[in-house]
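Chain and residue survey
The primary structure of each chain is shown beneath.
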Amino acid sequence: MEDAPDRKRRRLDEVFGDVLPTTTSDERDARDEPVSTTSDEELLANRPPHHDRD
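Residues numbered from 1 in each chain as written. Predicted model: local features only at pLDDT ≥ 70, side-chain atom pairs only at ≥ 80, totals over all residues. Heavy atoms only, no water.

To continue, consider the overall build of the protein. Per the secondary structure count, the protein includes two helices and zero strands. Relative to its 54 residues, the protein shows a buried fraction of 0%. On the protein, roughly 5,700 Å² of surface is accessible, and the fraction owed to carbon and sulfur atoms is 52%. (Helix = DSSP H or I, 4+ residues; strand = E, 2+ residues; numbered from the N terminus. Buried < 20%, exposed > 50% of the residue type's maximum accessible area, 1.4 Å probe, protein only. Areas by Shrake-Rupley, 256 points an atom, 1.4 Å probe, with all protein chains shown as cover.)

What follows covers helix α1 (residues 4-16). Between its first and last C-alpha, α1 extends 18 Å over 13 residues, near the 18 Å set by a 1.5 Å rise per residue. Following α1 by one or two positions, Gly17 has its phi on the positive side, about 85°. (Expected span 1.5 Å × (residues − 1).)

Taken as a whole and assessed by the stated rule, the structure comprises two salt bridges. In this structure, Arg9 engages Asp13 in a salt bridge whose closest nitrogen and oxygen atoms are separated by 3.9 Å. Taken together, the residues span about one helical turn, with Arg9 and Asp13 both in helix α1 at a distance of four residues. With relative accessibility at 31%, the residue Arg9 sits in the partly exposed group. Accessibility expressed as a relative area gives 28% for Asp13, which makes it partly exposed. With a shortest N-O distance of 3.4 Å, Glu14 and Arg11 are connected by a salt bridge. Of the two residues, Glu14 and Arg11 both sit in helix α1, three residues apart, roughly one turn of that helix. Of the two residues examined, Glu14 and Arg11, each falls in the exposed class. (Salt bridge = Lys/Arg side-chain N within 4 Å of Asp/Glu carboxyl O.)

Rendered as structure tokens:
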């Protein structure tokens, strides 16, 4: 007899396709992430549009 989680996973894949990854982003290596910047650079790059940029 098949294992219930495997059977359930296969059935979900049949219905919805393989849209859900087996691992989440926090479980994967961070190799593709950009090189870290200083905290000031990150804050300035993500500043809300209603703040002056002068």
